[in-house]
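Working through the structure, step by step
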Amino acid sequence: MQFGSLVKISRFSFGNVLNRSYRGSTGVNPNPTLLQEQMNIIQDPPEVIREQARVGALIDIWEIKPRDDLIKALITFWDPARNVFRFSDFEITPTLEEMAGYIEFGRDLRKQQLIFPRAPFRHSSGLEAHEKGLSNKQDKGRWQIHRQFAFIVAFLGIMVFPNEKGTVDIRMSGIAQILTTKEDHTLAPLVLADIYRALTLCKVGAQFFEGCNILLQMWLIEHLRHHPRFMSYGSSPNNFITSYEERVKDYNVPEGFEAWVSHLKALKESQIEWSIGWLPKTEAIYMTAAKGYLRLMGVKSIQPYAPQRVLRQLGRYQIVPEDEDLSTQVIELHPEAALPEALVQQDWNACRYLKNGTQVPDIAKGEIDSGYAIWFEKRSCVNNEPEPEPERPAKRPHVQAFDDIIQERLARGEKEKAYQAEIHALKEKLRNMEFNNDLQAQEAEGLKAQIRKMKLAIENSGRSRKDEKLIYSLTLKARDSEDDLQKPEVELANA
């Protein structure tokens, strides 16, 4: 395969090599040999690509054998209304800290910035403009410049953010651009949100897992590999993906879908490795300042994340969580629509952290509040047995179409305008009423003054009669004066 066949980007294709479907018949992403082929073309050792790609240890997931039977069985225990797996007497879910531990060597999330899946800027002449394009036009020199970037884009589209069509989304180049040019940006929220979405869609009948199934299966098996005592591997910048097989080598993995379902149904909380030994226990995100969850933006949707439901995984004391239907917070993203980045960034900026020193004494035990077990029992379904083959419903619940959200918001905006106009009219009416009330109050004060004068006149009847006589006498004098003035005027007129 020549270097010129690899790197032409379009909306749904990434060169001749990626026009071949990488989807497996089982519905999850297999271990593709395409990436190994591309590694051979690039001719750089993995450690060089890992360092320049700035995706941490994530590249090494291609060496993990995928377990489609595990993923298929696990989906049946997924609760899409809370984004957790519900088992007999406990619930768990992948956390940001755990995903960051695999991907980014456990870097502190507090210092990380979000990556938004924006489409790259399209120049009128296409992606070739200003030497930013990936098409090398059989030019080996240009291929030497772009080869590692091309591999990162392909890797993200195949292994981390796969889709059912077996192609690479153009937005992978935007994500790769951030990873290769900027520091302190985290992939963990993107990866976790897409895993949540894939679980929900497969729960209601989708046949392909559009998320990073390798990370999900690694995460679960690490929690199923229970140690009698807490196994601490230390908080260090190690590659916990390459050391994964060594950590779980003595775990007896069930084989086949039915065996996994039976095994997962029988699980009890005492059999769970609650806190993974390499996970840093210093700080952990658990909610936002305003609500008990935060919104994470993936490549395909915005998903609610409520770590307060799984505090035992973070080495903390599990209390009764806020129990609300979070499916109403899911927003499906349209590739061509504007991203509601401010909504997600606001939650990220308002994250509340469990500080160092709040850990429980016995992390391996997974300590809980006395009322939690009672709450969980009441919360559990009467029949907790999963269906082996879920039927596809007429509509997919728990996922809001982005266009419907826009229409709903527009309608809400029109209603708000009408409400504001009505409020303004009511305020004007209230001001008029207050003005009229003031006038009425003034008139009432005048009447009260007259009444007071009349009362005084009645009380001082002698004075009132004296005033009346004086007024009468003055009136007579005024009339006499007017008669005297009129006589000279008549005489002058006759003369």
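Coordinates for the structure precede this section.
Described in the following lines is the structure provided in the data block. Residue positions are given per chain, counting from 1 as you read along its sequence in written order. Given that this is a predicted model, residues contribute local features only at a pLDDT of at least 70 and side-chain atom pairs are listed and counted only at 80 or more, while totals for whole chains, interfaces and linings are drawn from all residues. With hydrogens and water excluded, all non-hydrogen atoms of the structure serve as input to the side-chain values.

Quick look at the overall build of the protein
The condition is simple: Think of it this way: any DSSP run of H or I at least four residues long counts as a helix, any run of E at least two long counts as a strand, and we number them from the N terminus. Residue burial is assigned from relative accessible area. The probe radius is 1.4 Å, only protein chains are included, and a residue is buried under 20% of its type maximum, exposed over 50%, and partly exposed in between. Only heavy atoms enter the contact rule, under which two residues are in contact if any of them lie within 4.5 Å. Method for areas: the Shrake-Rupley scheme with a 1.4 Å probe, in which residue coverage is limited to the protein chains shown.
Along its length, the protein carries 15 helices and ten strands. Per-residue burial over the protein gives 48% buried out of 495 residues. Partitioning the contacts of the protein with sequence separation of at least 6, the portion at a separation of at least 24 is 80%. A total of about 26200 Å² of accessible surface is found on the protein, and carbon and sulfur atoms cover 52% of it.

Some details on the nonpolar core
Definition in use: As used here, the term nonpolar core means buried Ala, Val, Leu, Ile, Met, Phe, Trp, Tyr and Cys residues forming a set that is joined through side-chain atoms within 4.5 Å.
Counting residues in hydrophobic clusters, the biggest one holds 98 residues, and the most contacted among them are Ile61, Phe155, Leu156, Phe161, Ile175, Leu187 and Leu215. By residue number, the principal contributor to this core is helix 8 (residues 188–203), which donates eleven residues. In this structure, Leu215 is in contact with Leu58, Ile61, Met99, Tyr102, Ile103, Val191 and Ile241, ignoring residues within four places of it in sequence.

Points about unusual backbone geometry
Residue Asn83 is not a glycine yet carries a positive backbone phi of 60°. Considering the arrangement of structural elements, one finds Asn83 in the loop between strand 1 (78–79) and strand 2 (84–86). Residue classification places Asn83 among the buried positions, given a relative accessible area of 3%. With a phi close to 60°, Asp184 is a non-glycine residue in the positive phi region. Residue position: Asp184 is located in the loop between helix 7 (171–181) and strand 5 (185–186). Overall, the relative accessible area of 39% leaves Asp184 in the partly exposed class.

Some details on the packing of aromatic side chains
Heads up, the rule is: Note on aromatic pairs: the rings of Phe, Tyr and Trp (six-membered ring only in Trp) are paired at centre separations within 6.5 Å, and the planes decide the class, stacked below 30 degrees, edge-to-face beyond 60, tilted for the rest.
Per the stated rule, a full pass over the model turns up 14 aromatic pairs. When the centroid spacing of 6.5 Å and the interplanar angle of 75° are considered together, the rings of Trp62 and Phe155 count as edge-to-face. Residue Trp62 is located in the loop between helix 3 (46–53) and helix 4 (68–75), and its partner Phe155 is located in helix 6 (residues 140–160); the two are separated by 93 residues in the primary sequence. We note that Trp62, like Phe155, is buried.

Quick word on the sheet that holds strand 7 (residues 294–297)
Quick note on the threshold: When DSSP finds two or more bridges between two strands, those strands count as paired. To obtain each axis, a line is fitted to C-alpha atoms, and for helices this fit is confined to the stretch in contact; angles are then taken between N-to-C directions over 0 to 180 degrees.
The three strands are arranged 7-8-9 in an open sheet whose pairing can be described as antiparallel. Of all strands in the sheet, those with a lone pairing partner are strand 7 and strand 9 (331–332), marking the two edges. Pairing between strand 7 and strand 8 (residues 301–305): four bridges, direction antiparallel. Each residue of the ladder has a partner; that of Leu296, found in strand 8, is Gln303. Lying on the sheet, helix 8 is in contact with strand 7, strand 8 and strand 9; it crosses strand 8 at an angle near 95°.

Description of the pattern of salt bridges
Our working rule: Just to be clear on terms, a salt bridge is a Lys or Arg side-chain nitrogen sitting within 4 Å of an Asp or Glu carboxyl oxygen.
Throughout the structure, instances matching the rule amount to 20 salt bridges. In this structure, Asp194 and Lys300 form a salt bridge, with 3.2 Å as the shortest nitrogen-oxygen distance. Remark: Lys300 occurs in the loop between strand 7 and strand 8 and Asp194 occurs in helix 8; sequence separation between them is 106 residues. Relative accessible area serves as the criterion here: at 0%, Asp194 is assigned to the buried category. Residue classification places Lys300 among the buried positions, given a relative accessible area of 12%. In this structure, the salt-bridge partner of Arg225 is Asp250, at a minimum N-O distance of 2.4 Å. Of this pair, Arg225 sits in the loop between helix 9 (213–224) and helix 10 (244–247) while Asp250 is found in the loop between helix 10 and helix 11 (257–265), placing the two residues 25 residues apart along the sequence. Judged by its relative accessible area of 14%, Arg225 is buried.

Quick notes on the packing of helix 5 (residues 96–104) against helix 8
We count it as follows: Should an angle fall under 35 degrees it is called roughly parallel, over 145 degrees roughly antiparallel, and 65 to 115 degrees roughly perpendicular, with every other angle called oblique. For any helix crossing, the convention is left-handed if the near helix is rotated counterclockwise from the far helix by under a right angle, and right-handed if that rotation is clockwise. We call Asp, Glu, Lys and Arg charged. Ala, Val, Leu, Ile, Met, Phe, Trp, Tyr, Cys and Pro are nonpolar, and the rest, Gly among them, are polar.
It is the contact of helix 5 with helix 8, at a shortest axis distance of 9 Å, that shows an interaxial angle of 120°. Here helix 5 is positioned oblique relative to helix 8, judged by the angle of their axes. As for how helix 5 packs across helix 8, the hand of that crossing is right-handed. Touching Leu96, Met99, Ala100, Ile103 and Glu104 of helix 5 are Ala188, Pro189, Val191, Leu192 and Ile195, all from helix 8. For the contact of helix 5 with helix 8, the per-class residue count stands at nine nonpolar, no polar and one charged.

Digging into the sheet that holds strand 2
Ordered in space as 1-2-3, the three strands form an open sheet in which the pairing is antiparallel. Every interior strand has two partners, whereas the edge strands, strand 1 and strand 3 (91–92), have only one.

Describing the environment of Asp347
What counts here: By the criterion applied in these results, polar contacts are pairs of N or O atoms within 3.5 Å in which, for protein atoms, one can donate a hydrogen and the other can accept it, and in which residues neighboring in sequence qualify only through two side-chain atoms.
With respect to the helices and strands, the residue Asp347 is situated in helix 12 (residues 341–349). Each C-alpha atom of the pair Asp347 and Leu296 lies 8.5 Å from the other, and the pair is 51 residues apart in sequence. Excluding anything up to four places from it in sequence, Asp347 contacts Thr288, Lys291, Leu294 and Arg295. A distance of 2.9 Å separates polar atoms of two side chains, one belonging to Asp347 and the other to Arg295.

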